[in-house]
Number of protein chains: 2
Amino acid sequence: MAITTSSPADLERYALGLAERARAAARALALATTAAKDTWLGVLADRLRRDADGLLAVNRKDIEAAPAFGVTAAETDRLRLDRQRIEAMAAALEQVRALADPVGECLETVQRPSGLTIDKIRVPLGVVFFIYESRPNVTTDAAALCVKSGNAVILRGGKEAAHTNRALGEVIAAALRETRLPGDAVQLVAVPDHAVIDHLLRLDRHIDLAIPRGGEALIRRVTAAARMPVMKHYQGICHVYVHADADPDMARSIVRNAKCQRPGVCNAAESLLVDRAIAARFLPGMIAELRAAGVEVRGCPETARLAHEVVPATEQDFATEYLDLKMSVRVVDDLNQAVEHIARYGSAHTDAIVTQSTDAAREFTRRVDSAAVMVNASTRLHDGGEFGLGAEIGISTDKFHARGPCGLRELTSYKYVVHGSGQVRG
Amino acid sequence: MAITTSSPADLERYALGLAERARAAARALALATTAAKDTWLGVLADRLRRDADGLLAVNRKDIEAAPAFGVTAAETDRLRLDRQRIEAMAAALEQVRALADPVGECLETVQRPSGLTIDKIRVPLGVVFFIYESRPNVTTDAAALCVKSGNAVILRGGKEAAHTNRALGEVIAAALRETRLPGDAVQLVAVPDHAVIDHLLRLDRHIDLAIPRGGEALIRRVTAAARMPVMKHYQGICHVYVHADADPDMARSIVRNAKCQRPGVCNAAESLLVDRAIAARFLPGMIAELRAAGVEVRGCPETARLAHEVVPATEQDFATEYLDLKMSVRVVDDLNQAVEHIARYGSAHTDAIVTQSTDAAREFTRRVDSAAVMVNASTRLHDGGEFGLGAEIGISTDKFHARGPCGLRELTSYKYVVHGSGQVRG
């Protein structure tokens, strides 16, 4: 850890060493059996439970040092381990163990007139560089998802979790040794210097994918510096659109859930759009209900006319991810205006329509190009677990490679395996 | 074209205008019917044939100006249009028309215990920025593949083809108008200044994918500057490995085809690896045959002992994509050494084994992680057409998103369309 005084050349060598060891480990890990990877997951879960006391003691050092990093009380709470959280981390590993191994799956087989047989086979991406913020469970979750999908991973957690992550790294390494998987399959960046991140982001020869998980500033910095592809999780400016033909009770329940059930996450709703035809009937009760749940409502002029204590919404409100008990509300002419609003202000993450009209649902799902388009369901249901994909390393807001929840399959590529009997090109 | 004296701010505005218009066109094009896109392809093919005289006249201006750009004779030949080449361009459009439209395809449907139905639906990527070098047919091929897959495209061809590309752009625009597809679905960058490319590569809000097609320097420059994902087509350092159990006649035929049939392309073989057990029997005849076909052989010391007129191979030879009638040759101990050699010197493009042993074939295909791994077939068969994928916009050397031949499907993403009956998150 105390290599803060290293020269720039030392840091560059350190980054290159990490990346080269990861590449070598990835080559071996790509050939590891499902049984070997699953055994490792089980051993790691057991070791976490067994080493709980030691982990809690180390975690206290981070908690004590947190104020010096300017960490808020909420962030300190996320950083804190207790027995229940360690048990949850172990259980999450066992859940990944229960998922199907994607590696080696044959995605397609084609027989060509030439006599060639072409199999499209799922393979790991190779080496993943994962840069994240403070919660310790992310360390074990990311290691589990990467290794189960056959990828080596370089983990770079937040400085404020350095002691805890180092201890978790030792437990992970011990489990790799015990199960004879490559020891460099999971490596932690042990140097806090940001220059190491920048060096790693240039090593596209050795690293196949960078995943920044954190605030928008982190993602933008990584995207600008990275030579390899980046899996991005930008903000969710998610909408619920209540269509004229909505069931009002269903609409109220969905809006309340989408806004209030957990307002600080990316698939929580930030904006409510309501058709003019039902606004006078629907909005006063809806807004009273949101206000009773502690939500500050920022509305368009028409919304303000229909309900009490509505803060006038600015243009900026409709483009804001509050991540808080705040909601922007707009009355729209019709489905077309709702779709245009979402295209203009949304972030293509999750958008929902509430309607009993199959025509309106079809038009909305066809025209709204978001990672998930929901009909008569809460935006909060856009989630790897709810979708049945298992644990996720994030929800991609990109359209390239993977979109929406990213689990084991989304951490893979494929190769073509071609069998012939002497075919050449004419 | 003559905006070379524009101010930096003008160029930035010009780039932003291109990107914004492309984004708007992409939204409309994503909803275009297959019939509309296919009609456009047919109309465009007809117009190319009808306007052939005009296109040939314009093309002559580029041919005449070519020496001033320092263009070689071979490059000038690639730049040249004739009636046969225009007919081939039109026929290629009709081939794309015959391919299935990937947009709207349902990739998967999941019924969840919660009652949610989740459809994974193929959608276009959005806006593609395609940067390429001189051959005029690439202009119409790229436009056809992007539009058929529902993507708007911004085309930036080489300066030396400026007149021809502008004329092709006008034909494409006329066909879009005639068939009422968005006129900005295909736009050409009309300003030669490189600053426009750099501006476009920063506009990740409007452009979803950059595809540089050309030399390695171009690809590296685009990758370093781009904020959006880049589909890369790096070099092919392709190997043929002749295993001890190979059929010698088949091996000779495959090596000859892989090296000589078209040496200047990425899936031509650059390196021959031969098992020590058969080297003395196989190599002298093989090398004599290659030399008779005009190939310069650069071999390891053992190769040099077994055959005449072998140039000693340096370390650099094994890491070189000759794209020429040259071949590096190495005698290896066994399959393991062949696989290690390929991992060290190869570019993960296309690698082949020739063997009658199913065990050896299985081991090779499992351990070699290249976009295509061939058993008893020429590396030259790694191609979208040979694989039955139809026309391709390139062969990806990336593992992220698409690998190997990239056709219509590889220019798409997907979205999740979720139908419920009021489900919320508990």
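Everything numeric here is computed off the predicted structure, so don't read it as measured data. (Residues numbered from 1 in each chain as written. Chains lettered and ligands numbered in written order. Predicted model: local features only at pLDDT ≥ 70, side-chain atom pairs only at ≥ 80, totals over all residues. Heavy atoms only, no water.)

A. Examining the overall build of chain A more closely. Counting secondary structure elements, chain A contains 15 helices and 16 strands. Here chain A has a C-alpha radius of gyration of 24 Å; the compact-globule value for 426 residues is 22 Å, and the two agree. In terms of its C-alpha atoms, chain A occupies a principal-axis envelope of roughly 70 × 65 × 40 Å. When burial is assessed residue by residue, chain A has 57% of its 426 residues classed as buried. Relative to all contacts within chain A whose residues are 6 or more apart in sequence, the contacts with residues 24 or more apart total 73%. When the accessible area of chain A is evaluated, it comes to approximately 16400 Å², of which 50% is carbon and sulfur surface. (Helix = DSSP H or I, 4+ residues; strand = E, 2+ residues; numbered from the N terminus. Rg over C-alpha atoms; globule rule 2.2 N^0.38 Å. Buried < 20%, exposed > 50% of the residue type's maximum accessible area, 1.4 Å probe, protein only. Contact = heavy atoms within 4.5 Å. Areas by Shrake-Rupley, 256 points an atom, 1.4 Å probe, with all protein chains shown as cover.)

B. Layout of the relation of the copies chain B and chain A. Rotating chain B by 180° and moving it 0.0 Å along the rotation axis overlays it on chain A with an RMSD of 0.0 Å. A rotation of that kind, with that shift, is consistent with a two-fold axis. The C-alpha atom lying nearest the rotation axis in chain B is that of B:His401; the distance is 1.8 Å. Taken together, the interface assignments show that 100% of the residues at the interface of chain B recur at the interface of chain A, consistent with an identical surface on both copies. (Least-squares fit on C-alpha atoms with pLDDT ≥ 70 in both.)

C. A look at the pairing of strand S11 (residues 326-332) of chain A. Residue and element names in this part refer to chain A. With five of seven residues buried, S11 is to be regarded as a mostly interior element. With five bridges connecting them, strand S8 (residues 269-275) and S11 associate as parallel partners. Residue pairing across strands places Val274 opposite Val331, the latter belonging to S11. Sheet analysis places strand S9 (residues 296-299) next to S11, joined by four bridges and oriented parallel. (Pairing = 2+ DSSP bridges.)

D. Spotlight on the pattern of salt bridges. The full count for this structure, using the stated rule, is 64 salt bridges over all chains. Measuring nitrogen to oxygen at the nearest pair gives 3.0 Å for the salt bridge that ties A:Arg23 to A:Asp208. Here A:Asp208 lies in the loop between helix H8 (194-202) and strand S6 (209-213) and A:Arg23 lies in helix H1 (residues 8-29), a separation of 185 residues in the sequence. Here A:Arg23 falls in the partly exposed class, since its relative accessible area comes to 22%. Put simply, B:Asp10 and B:Arg13 hold a salt bridge, and the shortest N to O gap is 2.8 Å. Highlighted residues: B:Asp10 and B:Arg13, both in helix H1 (residues 8-29), separated by three residues, approximately one helical turn. A residue is classified by how much of its surface remains accessible, and B:Asp10, at 33% relative accessible area, is partly exposed. One network of salt bridges, in which partners are shared, links A:Arg27, B:Glu340, B:Glu363 and B:Arg367. (Salt bridge = Lys/Arg side-chain N within 4 Å of Asp/Glu carboxyl O.)

E. A look at the packing of aromatic side chains. Tallied over the full model, the rule gives eleven aromatic pairs over all chains. Ring centres of A:Tyr241 and A:Phe364 lie 5.9 Å apart, and the angle between their planes is 25°; on these two criteria the pair is classed as stacked. Of this pair, A:Tyr241 sits in strand S7 (residues 238-242) while A:Phe364 sits in helix H15 (residues 358-367), placing them 123 residues apart in sequence. A:Phe364 shares its class with A:Tyr241; the two are buried. Pairing A:Tyr416 with B:Phe387 gives two aromatic rings, centres 5.2 Å apart and planes at 65°, and the pair type is edge-to-face. Taken together, the residues span two chains, with A:Tyr416 in strand S16 (residues 412-423) and B:Phe387 in the loop between strand S13 (372-377) and strand S14 (394-396). Each member of the pair, A:Tyr416 as well as B:Phe387, is classed as buried. An aromatic cluster is present here, built from A:Phe387, B:Tyr414 and B:Tyr416 joined pairwise through their rings. Looking at A:Lys120, its charged tip hangs above the ring of A:Tyr414, at a distance of 4.3 Å from the centre. (Phe/Tyr/Trp six-rings, centres within 6.5 Å; stacked < 30°, edge-to-face > 60°. Lys NZ or Arg CZ within 6 Å of the ring centre and 35° of its normal.)

F. Broad picture of the nonpolar core. Ranked by size, the top nonpolar core spans 118 residues in total, and within it A:Trp40, A:Ile393, B:Trp40 and B:Ile393 carry the most contacts. When residues no more than four places from it in sequence are discounted, the contact partners of B:Ile393 are B:Phe130, B:Ala142, B:Leu145, B:Cys146, B:Ile211, B:Arg213, B:Met231, B:His233, B:Cys406 and B:Leu411. (Core = buried A, V, L, I, M, F, W, Y, C linked by side-chain atoms within 4.5 Å.)

G. Representation of the interface of chain B and chain A in the model. Taken together, the contacts link 77 residues of chain B with 77 residues of chain A. By the criterion of area lost to chain A, the three top residues of chain B are B:Phe400, B:Tyr416 and B:Arg425, representing 15% of everything that side buries. Measuring nitrogen to oxygen at the nearest pair gives 3.0 Å for the salt bridge that ties B:Arg409 to A:Glu108. On the surface where chain B and chain A come into contact, there are 45 residue pairs in polar contact (both at pLDDT 80 or more). Looking at the side of chain B that touches chain A, the elements with two or more residues in it are strand S1 (106-111), strand S2 (117-124), helix H9 (216-225), helix H10 (248-260), helix H14 (335-345), helix H15 (358-367), S13 and strand S16 (412-423) of chain B. With eleven residues, the top contributor of residues to the side of chain B that touches chain A is S16(B). A breakdown of the residues in the side of chain B that touches chain A according to their chemical character gives 33 nonpolar, 20 polar and 24 charged. The sheet contact formed by S16(A) and S13(B) spans five bridges and is parallel. Within S13(B), the position partnered with A:Val418 by the bridge is B:Met374. (Buried area = accessible area lost by both parts, 1.4 Å probe. Polar contact = N/O pair within 3.5 Å; in protein donor to acceptor, adjacent residues only side chain to side chain. Nonpolar A, V, L, I, M, F, W, Y, C, P; charged D, E, K, R; others polar.)

H. Examining empty space enclosed by the protein more closely. One pass over the structure, following the stated rule, counts two cavities of 30 Å³ or more. The space that makes up the largest cavity amounts to roughly 170 Å³. Around the largest cavity sit 16 residues that line it, and A:Met228, A:Pro229, B:Met228, B:Pro229 and B:Val230 are the ones nearest its centre. Per-class residue counts for the lining of the largest cavity are ten nonpolar, two polar and four charged. Computed from the structure, the second largest cavity encloses a volume of approximately 60 Å³. Those elements that place two or more of their residues in the lining of the second largest cavity are strand S1 (106-111) and strand S2 (117-124) of chain A. (1 Å grid on protein atoms, 1.4 Å probe; cavity = no way out; pocket = protein on both sides within 12 Å on 5 of 7 lines; lining within 4 Å. Points joined across faces, edges and corners; volume = space filled by probe spheres on them.)

I. Up close: H1(A). Residue and element names in this part refer to chain A. Between its first and last C-alpha atoms H1 spans 31 Å; for 22 residues at 1.5 Å apiece the expected length is 32 Å, and the two agree. What H1 keeps buried is the set Leu11, Ala15, Gly17, Leu18, Ala19, Ala22, Ala25, Ala26 and Leu29. Where H1 is buried, its residues contact strand S3 (127-132), helix H6 (136-148), strand S4 (152-156), strand S5 (186-188) and H8. (Expected span 1.5 Å × (residues − 1).)

J. Structural view of the environment of A:Ala319. All names here are of chain A. Considering the arrangement of structural elements, one finds Ala319 in the loop between helix H13 (315-318) and S11. Since its relative accessible area comes to 29%, Ala319 is described here as partly exposed. Counting along the chain gives 227 residues from Ala319 to Ala92, while the straight-line C-alpha distance between them is 35 Å. Residues contacting Ala319, with those up to four places away along its chain left out, are Ile237 and Tyr345.

K. Expanded view of the confidence of the model for chain A. Predicted confidence across chain A gives a mean pLDDT of 95, with 99% of residues reaching 70 or more. Across the predicted assembly, pTM comes out at 0.92 and ipTM at 0.93. (pLDDT = per-residue confidence, 0-100.)

L. Structural view of the packing of H1(B) against helix H8 (residues 194-202) of chain B. All names here are of chain B. One can describe the packing of H1 onto H8 by two numbers: an axis separation of 9 Å at closest approach and a directional angle of 50°. Of the possible angle classes, the one that applies to H1 and H8 is oblique. Between H1 and H8 lies a crossing of right-handed hand. In this structure, H1 uses Pro8, Leu11, Glu12, Tyr14, Ala15, Leu18 and Ala19 to contact H8, whose residues at the interface are Ala195, Val196, His199 and Leu200. (Axes fitted to C-alpha atoms, helices over the stretch in contact; angles between N-to-C directions. Parallel < 35°, antiparallel > 145°, perpendicular 65-115°, else oblique. Left-handed = near helix turned anticlockwise from the far one by under 90°.)

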